[in-house]
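Chain by chain, the residues run as shown.
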Amino acid sequence: LSLGGIGILLLAVGFYVLTAVRRQIADARSRVSFAGQVSHELRTPLTNIRLYTELAESDLERVEESESRRRLSKRLEVIDHESRRLQRLVSGVLEMIRPSGKRIGVRKKPTDIEELVKGIAAQFEPSFKAAGLSLNTQSDCPAKVTIDPDIIEMVLVNLLSNVERYVPRGGKCVIRSDITRKGDPATSHLRIVVCDDGPGIVSNNRAKVFRPFERIDDSISAPSGTGIGLTIARRAAQRHSGDLILQHKSELGGASFELTLPIDAIPLENQ
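Let me sum up the structure you'll find in this document. Each chain has its residues counted from 1, following the order in which its sequence is written. pLDDT decides what is reported in this predicted model: residues at 70 or higher carry local features, side-chain atom pairs at 80 or more are listed and counted, and totals for whole chains, interfaces and linings draw on all residues regardless. The side-chain figures draw on all heavy atoms in the structure; neither hydrogens nor water molecules are used.

### What about the overall build of the protein chain?
1) Next: A run of DSSP states H or I qualifies as a helix once it reaches four residues; a run of E qualifies as a strand once it reaches two. Both are numbered from the N-terminal end. When its secondary structure is counted, the protein chain shows five helices and seven strands.
2) Next: When the helices and strands of the protein chain are listed from N to C terminus, the series reads α-α-β-α-β-β-α-β-β-α-β-β.
3) Next: For the protein chain, the proportion of its 271 residues judged to be buried stands at 33%.
4) Next: Taking as baseline every contact in the protein chain between residues at least 6 positions apart, the subset at least 24 positions apart corresponds to 72%.
5) Next: Per-residue and other accessible areas were derived by the Shrake-Rupley procedure at a 1.4 Å probe size, with only the shown protein chains allowed to occlude residues. A total of about 16,800 Å² of accessible surface is found on the protein chain, and carbon and sulfur atoms cover 55% of it. Each residue is assigned to one of three classes by its accessible area relative to the maximum for its type, calculated with a 1.4 Å probe on protein chains only: buried under 20%, partly exposed between the two thresholds, exposed over 50%. Any two residues whose heavy atoms approach within 4.5 Å are treated as being in contact.

### Structural notes on the packing of helix H3 (residues 113-130) against helix H4 (residues 149-166)
1) Next: Note on geometry: axes are C-alpha line fits, over the in-contact stretch for helices, and angles between N-to-C directions span 0 to 180 degrees. With their axes 10 Å apart at the nearest point, H3 and H4 run at an angle of 30° to one another. Between H3 and H4, the crossing angle belongs to the class labelled roughly parallel. By crossing handedness, the relation of H3 to H4 is classed as right-handed. Of H4, the residues touching H3 (which contributes Ile113, Leu116, Val117, Ile120, Gln123, Phe124, Ser127 and Phe128) are Pro149, Ile152, Glu153, Leu156, Val157, Leu160, Ser161, Val163 and Glu164. The labels follow the angle: roughly parallel below 35 degrees, roughly antiparallel above 145, roughly perpendicular from 65 to 115, and oblique for the rest. In this scheme the handedness of a crossing depends on how the near helix is turned from the far one: anticlockwise by less than a right angle means left-handed, clockwise means right-handed.

### Quick look at helix H5 (residues 229-239)
1) Next: Most of H5 is tucked away: eight of the eleven residues are buried.
2) Next: Among the residues of H5, those classed as buried are Leu230, Thr231, Ile232, Ala233, Arg235, Ala236, Ala237 and Arg239.
3) Next: Ser241 occupies a position one or two residues after H5 and carries a positive phi of about 65°.

### With respect to the environment of Ala255
1) Next: With respect to the helices and strands, the residue Ala255 is situated in the loop between strand S6 (243-246) and strand S7 (256-263).
2) Next: Since its relative accessible area comes to 10%, Ala255 is described here as buried.
3) Next: Distance in space between the C-alpha atoms of Ala255 and Gly200 is 4.3 Å, their sequence separation being 55 residues.
4) Next: Excluding residues within four positions of it along the chain, Ala255 makes contact with Val194, Cys195, Asp196, Gly200, Ile201 and Ser250.

### Considering the pairing of strand S5 (residues 188-196)
1) Next: Burial runs high along S5: eight of the nine residues are buried.
2) Next: Note on pairing: DSSP must find at least two bridges between two strands before they are called paired. In the sheet, S5 pairs with S7 via eight bridges, with the strands oriented antiparallel. In the strand pairing of S7, His189 is matched with Pro262.

### Some thoughts on the pattern of salt bridges
1) Next: Salt bridge, as applied in this entry: a Lys or Arg side-chain nitrogen positioned within 4 Å of an Asp or Glu carboxyl oxygen. One pass over the full model with this rule turns up ten salt bridges.
2) Next: We note a salt bridge from Arg70 to Glu65, for which the minimum N-O separation is 2.9 Å.
3) Next: Across the salt bridge formed by Arg234 and Asp243, the nearest N and O atoms sit 3.5 Å from each other.
4) Next: Classification of Asp243 by relative accessible area gives partly exposed; the value is 26%.

### What about H4?
1) Next: If you check H4, its first and last C-alpha atoms are 26 Å apart, about what 18 residues at 1.5 Å a residue would give, namely 26 Å.
2) Next: Three or more residues of H4 are buried, namely Pro149, Ile151, Ile152, Met154, Val155, Leu156, Val157, Asn158, Leu159, Leu160, Ser161 and Val163.
3) Next: Here a polar contact is taken to be a pair of N or O atoms separated by no more than 3.5 Å, where protein atoms must pair a possible hydrogen donor with a possible acceptor and residues adjacent in sequence count only if both atoms sit in side chains. Between the side-chain oxygen of the N-cap and the backbone nitrogen of Asp150 there are 3.0 Å, and the N-cap of H4 in question is Asp148. What a helix is expected to span follows from its residue count: subtract one and scale by 1.5 Å.

Spelled out as C-alpha cells, the structure:
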C-alpha cells in the first residue's frame, strides 16, 4: 500500500509538472506569435514614415537658406535617424523569432563593401562624436561582391551600438574588411572585423555573450540594453551561411568580433 501510494503521488507530481511545462510552452509560443505579428504590422507605417521623411527633405532642398530651413532640416534628420533605429529593432525582433540558422530571406546582390561599411559608419558619426569616440574604416575588397547588404548592416549596427555603450570616452573603434579563401580556392569569404580599445570581455563571460537575454553587466549603472543584440547579429550571419565570433585577441586591446560570410567566386578582373 505504501509503494502504491508513493507511485500515485509521483504520477500526480509528474502530471502537474507536465501540465505546467505545456502551459509555459503554449504561453511562449503565444508571445512569439504576438511579437511576430506586431513586428510585421509595424513595418508598413515605418516604411511610410521613411518615405515621407525623404520627400520632405527633397522639398526642403528647394526652400531658400534660412534659420527656419536649418531647424526643419535638423528635425527631419532626427526623425530619419529614429525611424531607422526603430526599423532595426523591428528587424531584430523578427530575426529572434526566426528559427536559428534559417536562411529564408537572404537577398544577395552586387555590393560595394567599402561604400556599404562607410555608409553604416556615417550613421554613427554623430553619436560617436558626442561620446568622444573615433571610428575608422579600412577596406581591402574588390569593387563589388555578391552579398546580402541588409545582413551586414544588421550585424555592424549591433556591434557599433555596443562600442558606443561600453567603450569609455576617448576610445577608438576600427572596422576592417577583406576577402579570405578557406579550403576550396573557388570558395571565398567576406571578413569584417570590428575591434575597439575598450575594457573588452573577460574570459569568464566569453561563452555567454551570444546567448539571448544574457547581459555581462546587470548593475544599475550598466548601459541600457536587452541582451539580444549579439544573438540577433549571429543568427543573421548564420542565415547567410556565415558566422560571427568573438576573437581571442584584439589588436586594440578591447573586444574584437569577426564576421565571415561566403560569397560567390570573384571575377579575375576584380581580384
